[in-house]
Amino acid sequence: MEVATASAKTFDIGQQSPLSRFVLGLADDALVLSHRLSQWCSKAPYLEEDIALSNVALDYIGRARMFYQYAAIIEDKGRNEDDLAYLRDERQYTNLLIHELPKGDFAFTMVRQFLVDVFYNMYLEQLLASTDETIAAIAAKAVKETRYHLKRSEPWITQLSQGTDESRQRILCALDELKDFTGELFEMLEWEAQLVEAGIAVDRSSLQAPWDAYVQKFLAVSEIDYQDSKLQIRGGRNGIHTEHLGQMLCEMQYLQRSYPNMNW
Amino acid sequence: MQQEKLTVYEVFIRSNRGLDHKHVGSLHAQSPEQALMYARDCYIRRSEGVSIWVVESTNITASDESDIESYVDPMDDKPYRHATHYVLPDKVRSM
């Protein structure tokens, strides 16, 4: 039991420095969303979209790797990017919850993508100015990808919401489900606010109003009235998750858990 | 999404400035804009190109294979039409 206790301590989120938590959180956001997108591989509506969606997943995994590599350097405990991705449990994952929701149907995936794409376009644009050079460099690479992601997700939202009754219904259902999870994108934590003062992090709460305005205006074109939900589900950055993340990690981490240090 | 509702596009990529666009393949898409994006994802994701053209396949008028003799054969005995005897200066690349 001693080993288990020791490792639990090592992984305790609360014991990490603000910078470590910050970078790890961004890494987890990217990896978890990447995995959800990758679940479309070979299952997308048609081949071209399959490849395009998988490409977006690859963009996110690239982003995750850069943040994990940096997180490993910051915490300096001899763990590498793979250890961070494959050997932490659900409660040690600190992604914002919207990223971990199951991929759902195609409409759900694209609506989530649209909502986070708008967010990342605004967020990464500001993260470029981070005083932390590594973070700014990662943001510079990611912001180009994220602009392309938005160019991809927007036409899908328009097309599906103005398409058949069925496709519109699916868009509305997805929005209904996702809007309980968008608030967390803009909720600042105390330690994160310290990093904003140091010029390292971005004040996410300042993005809520422009994000609302953008999303509302875009959806209004398709005659969808989007309002933020009063119910907001939160907890991701503190390791409190929906029931879905554990199942996802179970699958994602299976190989490393069953065959530790396995390589190929 | 039913495949038959999609349009087939031919994709042309220019791999470098100064070169011509070359046909690289075809793909399905719902609009020319979407075809451009899919072309990016399917054909130049390892930065193989600097410019993409997409053309609806139905807009291409092609020679008929059974009729190809009447197009090609008359040229066979006219070697002077080929510029093979000119030496290309080293400085001229990409010709």
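Residues numbered from 1 in each chain as written. Chains lettered and ligands numbered in written order. Predicted model: local features only at pLDDT ≥ 70, side-chain atom pairs only at ≥ 80, totals over all residues.

A.B. asks: Help me get a handle on the sheet that holds strand 3 (residues 51–56) of chain B, residues and values and all.
C.D. replies: Residue and element names in this part refer to chain B. Overall, antiparallel pairing links the three strands, which are arranged 2-1-3 in an open sheet. Taken across any chain shown, the strands that pair with only one partner, and hence form the sheet edges, are strand 2 (22–29) and strand 3. Going from strand to strand, the sheet's axes swing by 30 degrees on average, the running direction of each strand aside. (Pairing = 2+ DSSP bridges. Helix = DSSP H or I, 4+ residues; strand = E, 2+ residues; numbered from the N terminus. Axes fitted to C-alpha atoms, helices over the stretch in contact; angles between N-to-C directions.)

A.B. asks: Talk me through the packing of helix 5 (residues 106–127) of chain A against helix 7 (residues 165–178) of chain A; I want residue IDs and the actual numbers.
C.D. replies: Residue and element names in this part refer to chain A. The interhelical angle for the contact between helix 5 and helix 7, taken along N-to-C directions, is 55 degrees, at an axis separation of 8 Å. On the basis of the axis angle, helix 5 is oblique to helix 7. Relative to helix 7, helix 5 is oriented so that their crossing is right-handed. Seen from helix 5, the contacting residues are Ala107, Phe108, Val111, Arg112 and Leu115; seen from helix 7, they are Ser167, Arg170, Ile171, Ala174, Leu175 and Leu178. Residues belonging to the contact of helix 5 with helix 7 are distributed by class as follows: eight nonpolar, one polar and two charged. (Parallel < 35°, antiparallel > 145°, perpendicular 65-115°, else oblique. Left-handed = near helix turned anticlockwise from the far one by under 90°. Contact = placed C-beta atoms within 7 Å. Nonpolar A, V, L, I, M, F, W, Y, C, P; charged D, E, K, R; others polar.)

A.B. asks: Would you mind going over the confidence of the model for chain B in detail, with residue names and values included?
C.D. replies: Summarising the model, chain B shows a mean pLDDT of 85, and 92% of its residues fall at 70 or more. The ipTM assigned to the predicted complex is 0.76, against a pTM of 0.87. (pLDDT = per-residue confidence, 0-100.)

A.B. asks: Can you explain the environment of lysine 22 of chain B? Please cite residues and give values.
C.D. replies: Residue and element names in this part refer to chain B. You can see lysine 22 is positioned in strand 2. On the basis of neighbour counts, which here come to 12 C-beta atoms within 10 Å, the residue lysine 22 falls in the exposed class. Taking the C-alpha atoms as reference points, lysine 22 and tryptophan 53, separated by 31 residues in sequence, lie 9.3 Å from one another. Apart from residues no more than four positions distant in its own chain, lysine 22 is found in contact with Phe12 and Ile13. (Buried ≥ 20, exposed ≤ 12 C-beta atoms within 10 Å, placed from the backbone.)

A.B. asks: Any chance you could break down helix 5 of chain A for me, citing the residues and the numbers?
C.D. replies: Helical geometry: 3.6 residues make up each α-helical turn, so side chains three or four residues apart lie on a common side. With 22 residues, helix 5 of chain A should reach 32 Å at 1.5 Å per residue; the first-to-last C-alpha distance of 30 Å fits that figure. Taken across its 22 residues, helix 5 of chain A has 18 buried, putting it largely inside the fold. (Expected span 1.5 Å × (residues − 1).)

A.B. asks: Go over the interface of chain B and chain A with me, naming the residues and quoting the values.
C.D. replies: Across the boundary between the two partners, chain B contributes 12 residues, which contact eight residues of chain A. Top contributing element to the side of chain B that touches chain A by residue count: helix 1 (residues 32–43) of chain B, with five residues. When its residues are assigned to classes, the side of chain B that touches chain A shows seven nonpolar, three polar and two charged.

A.B. asks: Describe the nonpolar core, listing the residues and the values that go with them.
C.D. replies: All names here are of chain A. Core analysis: the largest hydrophobic core is formed by 72 residues, its most contacted members being Val23, Ala27, Phe67, Ala71, Val111 and Phe119. Sort the elements by how many residues they give to this core and helix 5 lands first, with 14 residues. Setting aside anything within four residues of it in sequence, one finds phenylalanine 119 in contact with Leu185, Leu207 and Trp211. (Core = buried A, V, L, I, M, F, W, Y, C linked by C-beta atoms within 7 Å.)

A.B. asks: How would you summarise unusual backbone geometry if you had to cite specific residues and measurements?
C.D. replies: All names here are of chain A. Phi is positive for serine 42, which is not a glycine, with a value near 80 degrees. If you trace the backbone, serine 42 turns up in the loop between helix 2 (18–38) and helix 3 (47–75). For aspartate 76, which is not glycine, the phi torsion reads 55 degrees and is therefore positive. Along the polypeptide, aspartate 76 turns up in the loop between helix 3 and helix 4 (81–86). Taking the number of C-beta atoms within 10 Å as the measure of exposure, aspartate 76 has 8 and is therefore exposed.

A.B. asks: How would you sum up the environment of valine 23 of chain A? Please name residues and give values.
C.D. replies: Residue position: valine 23 of chain A is located in helix 2. Expressed as a C-alpha distance, the spacing of valine 23 of chain A and alanine 201 of chain A, which sit 178 residues apart in the sequence, is 9.6 Å.

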